[in-house]
Every structure is written in structure tokens, then in C-alpha cells.
Amino acid sequence: MRFSSNVKLFVLLVGIFLLLGYVHYSFFNERLNWVWCEASNRDIPVDEDQRNTSLSKPIFRSRVQNIVSPERLLYKQPSVLVGRTDVMAVTPWLAPIVWQGTFDPDLVDIIYKSMNLTIATTVFAVGKYVRFLRDFLETAEKYFLVDFNVRYYVFTDRPDNVPSVTMSQGRHLSVIQVPGSNRWQEISARRMEIIQTAIERQISREADYIFCLDVDSKFHARWGAESLGRLVAVIHPELYNQPRDRFSYERRPASTAYIPMDEGDYYYAGAVFGGFVEDVYTLTKVCRKQLEKDARNSIEAAWQEESHLNRYLLYNKPSKLLSPEYLWQDFHGKTKEIKVIRFSGIIKNYAEIRPNV
Ligand code: UD2
């Protein structure tokens, strides 16, 4: 009698254990598939690694390296007295601001090439924005970190519409399916969360640096290793010559992206940010938390993730700033300080392209 009730108890416990195991497995499996659904019926290779999920803190690839120049490399002598005088090439906290004429492109590329780096490049093409991918990728192959290892991560809800673009050696493209949305604000803002997750699951193991770029843009000229740094931001092309009280920061104290009128260094664009994978991971994690906190308080910052990015970078100063050469807008005429346009947002019909107005 006693033996049989023990057996019953044992069977019951095993049953409960199996049930809990099943519920736990299905819950996580469903969550992971939400973002990590492989593009189907496509010939663009999708990494098996994408399924390799880890919910713990990622381990990042080693990063700090000496700036080593090959012996007997001949290049123009740097001058202490002669250089650009029409623009500031350094911030008050001594981070370089990268402009044409402030660096030697060949020297900087040779130095960084010897490090055998891989640069992750994330780009979102959700809904109709998938149509911008071909030009983005084709021009990137021509101008963006040429001869470096680049891994593109394309986040889209339309994997079947991702164009096949010929990649040079050392360059690779992964497609990661993400949900669509009927609000562009949500698509834009959710990028922080998705990039954070992608870094945890895949990018931390595959890349040294990362750039997060807008897809509705094209490259027009060299974008090289001069852009690499620990934490890199781009100065917004429309606000680079404006006083800080004109910046379109979030101005409502109720938002976690709030910046008072008498604070602010530069207005950074959400269309380009990057750096060491670890530093961008922290940035996306913090911005995501702040976005979620605002959402719980029913407040959406004026420029979604761009507002949170600006707040983050005000207190976590970037180590390198890219001038508006690295993010121009096609509808702007070139101004005298812009000697070269390297990357520029195309003219688009917002009402036609976005899911909502
Ligand atoms: C500005 C910023 C952008 C972002 C946005 C915030 C510049 C040049 N750009 O761009 O970085 O901060 O404001 O609202 O300052 N996307 C889709 N599908 C959509 C909508 C957006 O994939 O339906 C993605 C896509 O990668 C696009 C990016 O989100 O490039 C930014 O959206 P946008 O281009 O509509 O925003 P825009 O041009 O006003």
C-alpha cells in the first residue's frame, strides 16, 4: 500500500516536471523565433549561428589594439600648423570630428587592415523600405569599408524581397526576419531592442566593430577606417550649424530622453551610430530600457530612438564624431564646408512609403 502510493507520487512528480519543461521550452522557443526566424526559400545564406541562442551576457571579441604602421611606409608628413581651419576637428572632450582633409585615407586604412577586423553593419528594411536595399547594398559594396570584412545584418519582415547583391570577398549578408508594424514610429524605435538582441545572439561573436545605418540612403564616396572608434556618432546634417536650443531634443521632463534647453553638445542623427560591439551593446540596451520606461508612462519621445540616442550620448560622450559628410540629405545643396558627400539619405515620399502618416 505504502509502496504503491510512493510510486504514484513519483509518477505525479515526473509528470509535473515534464509539463513544466514543455511549457518552458515552448515559451522560449516562441520568443526566439519571433526575431530569429530564418528567411525561407531564398538563396542568400542565413547563418546557422542565428539559432545559437544565449540569453546570458555576451562575450565580446578582444578589441583594444595598438596603432601599428608598417615600417618604410611612405606618406605625406603630418603638419602641426597647416590643416582645416573652416571647421572644428575636435570636440571639447578631445574626440576627433572626422572631416575630409583631417586624415590620410591610405595610412588609416593600412593601419586598420593589419588588424583583420570584421565590421557588422545592421540595416532595417521593414515594409516598403525593402525597396531601398538594392541601392544601399550596391553602393556600400563600392564605397563602404572596401577591402575590410563586413557582415551585413538585414532585418526585414519581407525576406523574400531582399535582393541578391554580389558581395566582394570577405563580405557576407544575413537576413533576419522581424515583425512588421502599422506604425513607422514603432519600427524606428524598436531598432534598439532588435540590435541589442542581435548582438547578444550573434554579432558579439562575429564582429569587432558595428555600424547601425538607415536603409533609405546611398553611399557616394569613400567611407573608410577613419570612421572606426569605440563609440561613434554622426552630426545631423540639418542641425550642425544651429544653437543647442534649436536642437530637436526631447524637451518634456516626463520622458527619459529629456534634455534641458541649456544642455547639449551636438545633435546626433539616429541614421548612423557605431563603435566597438560592446559599447554599442550598452548603448542599445540603455536606450531600449528608456524607450520601454517611456512606453509604460504613455510617452513617446519626439524623435523616438533618435531622442534617446541623443540623451545617451550627452552623458556618455562619443569617442569619435563623424561630420555630416557621413550623413547628408539629397534634398540639401552642398554647403562650402562639405568637401565630399560620402553617405546621403535619398528623397522619399513619406506618405507613400510609410505604413502611417
Ligand atoms: C530620421 C532619422 C532616423 C530615425 C528617424 C526617427 C535622419 C537622417 N534619419 O529619419 O535615423 O532617427 O528619423 O523617427 O536623421 N524603417 C523601415 N520601415 C519603415 C520605417 C522605417 O524599415 O516603415 C527603418 C529604415 O531602416 C529607415 C529607418 O527605419 O531607414 C528610419 O526611418 P525613416 O527613414 O522613416 O525616418 P527619417 O527618414 O525621418
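These remarks concern the structure in this document. Predicted model, so just to flag it, every value in this text is computed and none were measured.

As for the overall build of the chain
Secondary structure summary: the chain contains 8 helices and 12 strands in total. Burial analysis of the chain (357 residues in total) assigns 50% to the buried set. Expressed as a percentage of contacts within the chain between residues at least 6 apart in sequence, the contacts between residues at least 24 apart total 77%. On the chain, roughly 18,500 Å² of surface is accessible, and the fraction owed to carbon and sulfur atoms is 55%.

Concerning a nonpolar patch on the surface
A contiguous nonpolar surface patch, about 420 Å² in accessible area, is contributed by Val-80, Leu-81 and Val-82. The exposure class of Val-80 is exposed, given its relative accessible area of 80%.

Description of the packing of aromatic side chains
One pass over the structure, following the stated rule, counts 20 aromatic pairs. Each ring, one from Phe-219 and one from Phe-343, has its centre 4.4 Å from the other, and the planes form 40°; the classification is tilted. With Phe-219 in strand 7 (residues 217–219) and Phe-343 in strand 12 (residues 343–345), this residue pair connects regions lying 124 residues apart in the sequence. Each member of the pair Phe-219 and Phe-343 is classed as buried. Through pairs of rings, three or more aromatic residues link up here, namely Phe-136, Phe-144, Phe-211, Phe-219, Trp-223, Tyr-326 and Phe-343. Its guanidinium or amino end placed over the ring of Trp-93, Lys-317 lies 5.0 Å from that ring's centre, counting from NZ or CZ. Here Arg-354 stacks its cationic end above the ring of Trp-184, 3.6 Å away from the centre of that ring.

Points about the pattern of salt bridges
Enumeration according to the criterion identifies 23 salt bridges in this entry. With a closest N to O distance of 4.0 Å, Asp-86 and Lys-339 form a salt bridge. In this pair, Asp-86 sits in the loop between strand 1 (37–38) and strand 2 (97–98) while Lys-339 sits in the loop between strand 11 (328–329) and strand 12, placing the two residues 253 residues apart along the sequence. Among the residues examined, Asp-86 registers a relative accessible area of 45% and is labelled partly exposed. For Glu-141, the salt bridge identified is with Arg-171, shortest N-O distance 2.6 Å. You can see Glu-141 sitting in helix 3 (residues 133–143) and its partner Arg-171 sitting in strand 5 (residues 171–177), a full 30 residues away along the chain. As far as burial versus exposure is concerned, Glu-141 and Arg-171 are alike and both buried.

Concerning the nonpolar core
Ranked by size, the top nonpolar core spans 48 residues in total, and within it Tyr-112, Phe-211 and Trp-223 carry the most contacts. When contributions to this core are tallied by element, the ones reaching two or more residues are helix 2 (105–113), strand 3 (118–125), helix 3, strand 4 (149–156), strand 5, strand 6 (209–213), strand 8 (231–235) and strand 9 (268–276). Membership of the second largest hydrophobic core comes to 41 residues, among which are Ile-97, Ile-195, Ile-199 and Cys-287.

A closer look at the site of the ligand
Neighbouring residues of the ligand: 25 residues in total, closest Phe-124, Tyr-129, Asp-216, Gln-304 and Lys-348. Note that an oxygen atom of the ligand is positioned 3.3 Å from one of the side-chain N or O atoms of Glu-306. About the coverage of the ligand: the protein hides 95% of its 720 Å² of free accessible area. For the shell around the ligand, the per-class residue count stands at 13 nonpolar, 5 polar and 7 charged.

Conventions we followed
- Residues numbered from 1 in each chain as written.
- Predicted model: local features only at pLDDT ≥ 70, side-chain atom pairs only at ≥ 80, totals over all residues.
- Heavy atoms only, no water.
- Helix = DSSP H or I, 4+ residues; strand = E, 2+ residues; numbered from the N terminus.
- Buried < 20%, exposed > 50% of the residue type's maximum accessible area, 1.4 Å probe, protein only.
- Contact = heavy atoms within 4.5 Å.
- Areas by Shrake-Rupley, 256 points an atom, 1.4 Å probe, with all protein chains shown as cover.
- Patch = residues over 30% accessible without salt bridge, like charges linked within 9 Å, V, L, I, M, F, W, Y side chains within 5 Å.
- Salt bridge = Lys/Arg side-chain N within 4 Å of Asp/Glu carboxyl O.
- Phe/Tyr/Trp six-rings, centres within 6.5 Å; stacked < 30°, edge-to-face > 60°.
- Lys NZ or Arg CZ within 6 Å of the ring centre and 35° of its normal.
- Core = buried A, V, L, I, M, F, W, Y, C linked by side-chain atoms within 4.5 Å.
- Near = heavy atom within 4 Å.
- Polar contact = N/O pair within 3.5 Å; in protein donor to acceptor, adjacent residues only side chain to side chain.
- Nonpolar A, V, L, I, M, F, W, Y, C, P; charged D, E, K, R; others polar.

Read these as spatial facts, not as claims about activity.
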